[in-house]
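# Inside the fold
Each chain is listed here by its residues.
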Amino acid sequence: MTASPSPVFFGVGLGPGDPAYLTLRAREVLDQADRLVHFCKRGRRGNARTIVDRILGPDPAREIALVYPVTTEAAPGEGAYDGPITAFYEESCALLAAEAEAGRRVAILCEGDPFFYGSLMHLWRRLAPLYPFEVIPGVSGMSGAWTLAGAPITWGDDVLTVLPGTLAEDDLARRLSGTDAAVVMKLGRHLAKVRRALAAAGLLQRAIYVERAAMEGQQILPLAQKDDDEAPYFAMVIVPGEGRRL
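Computed from a predicted model, the values in this text were never measured in an experiment. (Residues numbered from 1 in each chain as written. Predicted model: local features only at pLDDT ≥ 70, side-chain atom pairs only at ≥ 80, totals over all residues. Heavy atoms only, no water.)

## Points about the layout of surface pockets
- Put simply, the second largest pocket is a space of about 160 Å³.
- Together, Gly-17, Asn-47, Thr-50, Ile-51, Arg-54, Arg-212, Met-215 and Glu-216 line the second largest pocket.
- Considering only residue class, the lining of the second largest pocket consists of 2 nonpolar, 3 polar and 3 charged. (1 Å grid on protein atoms, 1.4 Å probe; cavity = no way out; pocket = protein on both sides within 12 Å on 5 of 7 lines; lining within 4 Å. Points joined across faces, edges and corners; volume = space filled by probe spheres on them. Nonpolar A, V, L, I, M, F, W, Y, C, P; charged D, E, K, R; others polar.)

Take a look at the structure:
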């Protein structure tokens, strides 16, 4: 039997924010990688790199920052967003492929789990057919949120629906009306719309707002008690199920 080639790229799931939630495999890769790659907004230190700062500290010789050309200036599906972002992923892959060709082991840092709404996926689908690529699962942000909120999300036969807050309001309300439990992610500027959709589905009083779970600045409260519609990207609403309890 031919041995599988050793990974060149690693997608490292870092969990929701507190580095105590890192897996042993994630920590091993972070210690051994030649390059630590993280996504960030222009002029900001990436959230994933900030998590790793707490265990490794800054390490400029190993760091590669991938700076998004746009974030909230345009919406997905618009040319002003899709064009620059697609070019960004292509250019990032070319940069990282050069690192791999130079014999370096490249760890790409990902908040939560890499295969759950992770930016890593856009690199993985381009690079994994060409290079050995290991993805290391992490505790998802939503799992961290409902655990830190003390809110078991599904009971008995409850059906869980996960929704991006970027959906249209009518679509959100329709999907929320047909589920037992829900998580609404990617809040940001969409919180007011999400709140209205939850109210239309009769779920507002069960909804819990969680901001920066397991990160500095964590905030958890009933959504009905939140007196504004301001929310960062790293915020979500959870709606625990009310299913069978024994």
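Next comes the rest of the description.
## Let's talk about the side chain of Arg-62
- Here Arg-62 shows up in the loop between helix 2 (47-56) and strand 3 (63-67).
- A distance of 2.6 Å separates a polar side-chain atom of Arg-62 from the backbone oxygen of Ala-33.
- Reaching out from Arg-62, the side chain makes a polar contact with the side chain of Asp-59 at a distance of 2.8 Å.
- In this structure, Arg-62 is in contact with Leu-30, Asp-31, Gln-32, Ala-33, Asp-34, Arg-35, Leu-36 and Leu-56, ignoring residues within four places of it in sequence. (Helix = DSSP H or I, 4+ residues; strand = E, 2+ residues; numbered from the N terminus. Polar contact = N/O pair within 3.5 Å; in protein donor to acceptor, adjacent residues only side chain to side chain. Contact = heavy atoms within 4.5 Å.)

## Thoughts on the packing of helix 1 (residues 24-32) against helix 2
- One way to put it is that helix 1 packs onto helix 2 with a least axis distance of 12 Å and a crossing angle of 80 degrees. It follows from the interaxial angle that helix 1 and helix 2 lie roughly perpendicular. Residue-level inspection shows Arg-27, Leu-30 and Asp-31 of helix 1 in contact with helix 2, the latter providing Val-52, Ile-55 and Leu-56.
- Of the residues in the contact of helix 1 with helix 2, the class split is 4 nonpolar, no polar and 2 charged. (Axes fitted to C-alpha atoms, helices over the stretch in contact; angles between N-to-C directions. Parallel < 35°, antiparallel > 145°, perpendicular 65-115°, else oblique.)

## Re the pattern of salt bridges
- Taken as a whole and judged by the stated rule, the model has 18 salt bridges.
- Measuring nitrogen to oxygen at the nearest pair gives 3.1 Å for the salt bridge that ties Glu-90 to Arg-126. Here Arg-126 lies in helix 4 (residues 120-127) and Glu-90 lies in helix 3 (residues 79-101), a separation of 36 residues in the sequence.
- What makes Arg-126 buried here is its relative accessible area of 16%.
- A salt bridge links Asp-171 to Arg-174; the nearest nitrogen and oxygen atoms lie 2.5 Å apart. (Salt bridge = Lys/Arg side-chain N within 4 Å of Asp/Glu carboxyl O. Buried < 20%, exposed > 50% of the residue type's maximum accessible area, 1.4 Å probe, protein only.)

## A word on the nonpolar core
- Counting residues in hydrophobic clusters, the biggest one holds 24 residues, and the most contacted among them are Phe-9, Phe-39, Leu-66, Leu-96, Ile-108, Leu-123 and Leu-127.
- Looking at this core, the elements with two or more residues in it are strand 2 (35-40), strand 3, helix 3, strand 4 (106-110) and helix 4.
- Leu-176, Val-184, Leu-204 and Tyr-209 belong to the second-largest nonpolar core, a separate cluster that totals 22 residues. (Core = buried A, V, L, I, M, F, W, Y, C linked by side-chain atoms within 4.5 Å.)

## Quick look at the packing of helix 3 against helix 4
- Put simply, helix 3 and helix 4 touch, their axes get as near as 10 Å, and they point 60 degrees apart. In terms of orientation, helix 3 and helix 4 fall into the oblique class. For the pair helix 3 and helix 4, the crossing hand works out as right-handed. Mapping the contact onto sequence places Thr-86, Tyr-89, Glu-90, Ser-92, Cys-93, Leu-96 and Ala-97 in helix 3 and His-122, Leu-123, Arg-126 and Leu-127 in helix 4.
- When the residues that make up the contact of helix 3 with helix 4 are grouped by side-chain class, the tally is 6 nonpolar, 3 polar and 2 charged. (Left-handed = near helix turned anticlockwise from the far one by under 90°.)

## Quick look at the sheet that holds strand 5 (residues 133-136)
- Ordered by their spatial adjacency, 5 strands build an open sheet running 3-2-4-1-5, and the pairing between neighbours is parallel. Each of the sheet's edge strands pairs with one partner strand only, and the pair in question is strand 3 and strand 5. With strand direction ignored, the average angle separating the axes of adjacent strands in the sheet is 20 degrees.
- With 4 bridges joining them, strand 1 (residues 9-13) and strand 5 adopt parallel strand pairing. Counterpart to Gly-11 in the pairing with strand 5 is Val-135.
- Against the sheet, helix 1 engages strand 1, strand 2, strand 4 and strand 5, with an angle of about 130 degrees to strand 1.
- Those strands touched by helix 3 are strand 1, strand 2, strand 3 and strand 4, and its axis lies near 165 degrees from that of strand 3. (Pairing = 2+ DSSP bridges.)

## Re the pairing of strand 4
- For strand 4, the buried fraction is high: 5 of the 5 residues fall into the buried class.
- Covered by surrounding structure in strand 4 are Val-106, Ile-108 and Cys-110 together with Ala-107 and Leu-109, the residues of both alternating faces.
- Pairing geometry for strand 1 and strand 4, over 5 bridges, is parallel. Within strand 4, the residue paired with Val-12 across the bridge is Leu-109.
- In the sheet, strand 2 pairs with strand 4 via 3 bridges, with the strands oriented parallel. By the bridge assignment for strand 4, Leu-36 is matched with Ala-107.

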